[in-house]
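This is what each chain is made of:
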Amino acid sequence: MTSIIEIKNLKTRFFTADGVVKAVNDVSYTMESGEILGVVGESGCGKSVHAMSIMQLIPDPPGKITNGEIIFEGRDLLKLSDAEMRKIRGRDIAMIFQDPMTSLNPVFTVGYQIVEAIRLHNDVTKKEARKRAGELLALVGIPGAEERLDDYPHQFSGGMRQRAMIAMGLSCEPKLLIADEPTTALDVTIQAQIVDLVKKLQDELGMAIMWITHDLGVVAEMADRINVMYAGSIIETGEIHNVYKRTKHPYTTGLLGSLPRLDDEPGTELTSVPGLPPDLLALPEGCAFAARCGYRDEKCVAERPILEKIAGYDHQVACWHWEKIEGDGK
Amino acid sequence: MDTKKPLVSVRNLKKHFPITGGILQRQIGAVKAVDDVSFDIFKGETLGLVGETGCGKTTVGRTMMRLYEPTSGGIIFDGVDLIALGESDLRKIRQRMQMIFQDPYASLNPRMTVGSIVKAPLDVHTKMNSKEKHDRIQELLDIVGLNPDFVNRYPHEFSGGQRQRIGIARALALEPALIVCDEPISSLDVSIQAQVVNLLEKLQKELGLAYLFIAHDLSMVRHISDRMAVMYLGKIMELADRDSIYLHPVHPYTRALMSAVPIPDPDSTAAHDRILLDGDIPNPKNPPTGCNFNTRCPVAQDRCFVEEPEYREIKENHWTACHFAEVTP
């Protein structure tokens, strides 16, 4: 497999009146073409901001990408002009957002909005674009797709809006689709429909997907690899089985332990992670997780661990004590 | 559990919200948010109430406390008929039933300190002097795991999980017998959810509380509940003890709902056996005739489109509303 995107030492900062928010701290990883990467973490861990940085959708000011390279097909996206970036956005890298109600324009029909995306990047007539939009809506499973093109977003249900967003994201057959919490606002039965749909589409179209979520369940079901983020950094990453079954970071162990599972013994107590995530305005010198960690010692407080490869496995972890941790993902 | 008397008995509860239209704002229809719902909650147990958005689960909780006037039906709380009570009697009995809300940002007054928030119920309902109140507040904050020195702080100084703890302290102030927890954890992060759920479980053991735990997160509800009720479009589809609902669900909706929950284990085969439902929940203004679930049911027969299934006890303590409950394997 060839890598589709390579991110090196990405740092994103927000310069606010209260100080500098260190939202993304030295994030580096590679995504292979055709793989599904799950990006997991709690609110404020930088998972969305890092995706917005890839798309260069960070509002500036106050936000700024202060360091790093994003290599996509041999080019550093951060060195491109706005016009060049516009061509990549939507055509090569598409993004779907969490809230389909706010990310669709309420005063235009769904069809108009998909046609607009198609015509922006392809030299086609309105008629051809409309035909393609109809096909896309049918592809994402909207019944009576042709007629529904003339509906406004409010005439769609939440699940249908998210399907329409996916149709729009797929309209130019992107090589990379970034999905930012696409099912968080949906009910479980609708979520199951969308997950099933995306897996099918990925099989058919073969694009790479970055699936950002806080739901470890959804990721387990669909991803090939996973990045676990905490306080703006990747703290554990690797092939999905390695991370879930041989968990080596105490935060990941804690996250997995806090989830009740439908298939575990009733009455098992949840192993919650004590305390709160750190303030991104004042990140500690050492390991960002140290304050909540049971393995903490002086070294953790003094020095920040970097991702270290576990020999023989597609698995990296940023913890000084990973060798002591016998995670089996519960 | 049969021999015990229920703490709360809800019978045939209905709450219909009128839809008005025309220049005279005449009633032209009704949203049947809660339509003929019956259940019991026993002392010290947790009844989980699950369902998707708009199924009426929150309305059940609120109507049960008479925060909404029910359209019809009966609510017996500890032998007292709540429907028949006048305002002052109702206020008295509400001491024993409290509520925790979903949004810990909206449910705490930003201009009141933590101390005064927790003190408010004591002011209204008790004759404690200020020393006793002060001690009680300290005790309550300690119970919910907050530093008692925080009494003079304001809600904005706390995180979501800590605010939810303040809400719990307030609910505990009058030593209630029942707490209605309306999605108490759905706005919190995973690691914080577990903290709050562990706290709720600890309090239940120590204080013998009963919970009506309303949520859409099935795995969390299964974790905390003794019995579970599954709602769909204003009706209870199935009610049974936790293991029966999970291991032997009979209603096709319960089956689909259970199978839709993703399991955080890449080796789990659950996704392969998933029952995918088509379509969306129908508009509650205009529910289908016959069985509510017939538009999405994978096994619906002709009968389901004409006749509404009766909500009945098919096995001991296992209630469901499906025509074919007795014949499903």
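Preceding block: the structure.
Remember, predicted model here, so these are calculated numbers, not experimental data.

Trainee: Tell me what's going on with the packing of helix 7 (residues 158-170) of chain A against helix 8 (residues 188-205) of chain A, and back it up with residues and numbers.
Mentor: Residue and element names in this part refer to chain A. At a minimum axis separation of 10 Å, helix 7 and helix 8 run at an interaxial angle of 20°. Overall, the two elements helix 7 and helix 8 adopt an arrangement that is roughly parallel. Helix 8 is crossed by helix 7, and the crossing has right-handed handedness. Across the interface between the two elements, G159, Q162, R163, I166 and L170 from helix 7 touch I190, Q193, I194, L197, V198, L201 and L205 from helix 8. Class assignment of the residues belonging to the contact of helix 7 with helix 8 gives a composition of eight nonpolar, three polar and one charged.

Trainee: Can you tell me about empty space enclosed by the protein, naming the residues and giving the values?
Mentor: Leftover empty space is mapped by rolling, across the atoms, a probe with the size of a water molecule. As enumerated under the stated definition, the model contains two cavities of 30 Å³ or more in all. What lines the largest cavity is a set of 13 residues, among which B:P252, B:C291, B:C297, B:C304 and B:C322 lie closest to the centre. Here the lining of the largest cavity is built from residues that sort into ten nonpolar, three polar and no charged. Taken as a whole, the second largest cavity holds about 60 Å³ of empty space. As for the second largest cavity, its lining consists of A:H249, A:P250, A:C287, A:F289, A:A290, A:C293, A:R296, A:C300, A:P305, A:C319, A:W320 and A:H321. Its residues placed into classes, the lining of the second largest cavity shows nine nonpolar, two polar and one charged.

Trainee: Describe the interface of chain A and chain B, and please don't skip the residues or the numbers.
Mentor: Facing 43 residues of chain A, the contacting portion of chain B comprises 39 residues. Between chain A and chain B we count three salt bridges in total. Two residues, B:D265 and A:K245, come together in a salt bridge whose shortest N-O distance is 3.0 Å. One can count 13 residue pairs in polar contact (both at pLDDT 80 or more) joining chain A with chain B. Counting only elements with at least two residues in the side of chain A that touches chain B, the list comes to helix 8, helix 9 (216-222), helix 10 (240-245) and helix 11 (250-258) of chain A. Per-element tally for the side of chain A that touches chain B: the top contributor is helix 8 of chain A, with seven residues. Grouping the amino acids of the side of chain A that touches chain B by side-chain chemistry returns 19 nonpolar, 13 polar and eleven charged.

Criteria and thresholds
Residues numbered from 1 in each chain as written. Chains lettered and ligands numbered in written order. Predicted model: local features only at pLDDT ≥ 70, side-chain atom pairs only at ≥ 80, totals over all residues. Heavy atoms only, no water. Axes fitted to C-alpha atoms, helices over the stretch in contact; angles between N-to-C directions. Helix = DSSP H or I, 4+ residues; strand = E, 2+ residues; numbered from the N terminus. Parallel < 35°, antiparallel > 145°, perpendicular 65-115°, else oblique. Left-handed = near helix turned anticlockwise from the far one by under 90°. Contact = heavy atoms within 4.5 Å. Nonpolar A, V, L, I, M, F, W, Y, C, P; charged D, E, K, R; others polar. 1 Å grid on protein atoms, 1.4 Å probe; cavity = no way out; pocket = protein on both sides within 12 Å on 5 of 7 lines; lining within 4 Å. Points joined across faces, edges and corners; volume = space filled by probe spheres on them. Salt bridge = Lys/Arg side-chain N within 4 Å of Asp/Glu carboxyl O. Polar contact = N/O pair within 3.5 Å; in protein donor to acceptor, adjacent residues only side chain to side chain.

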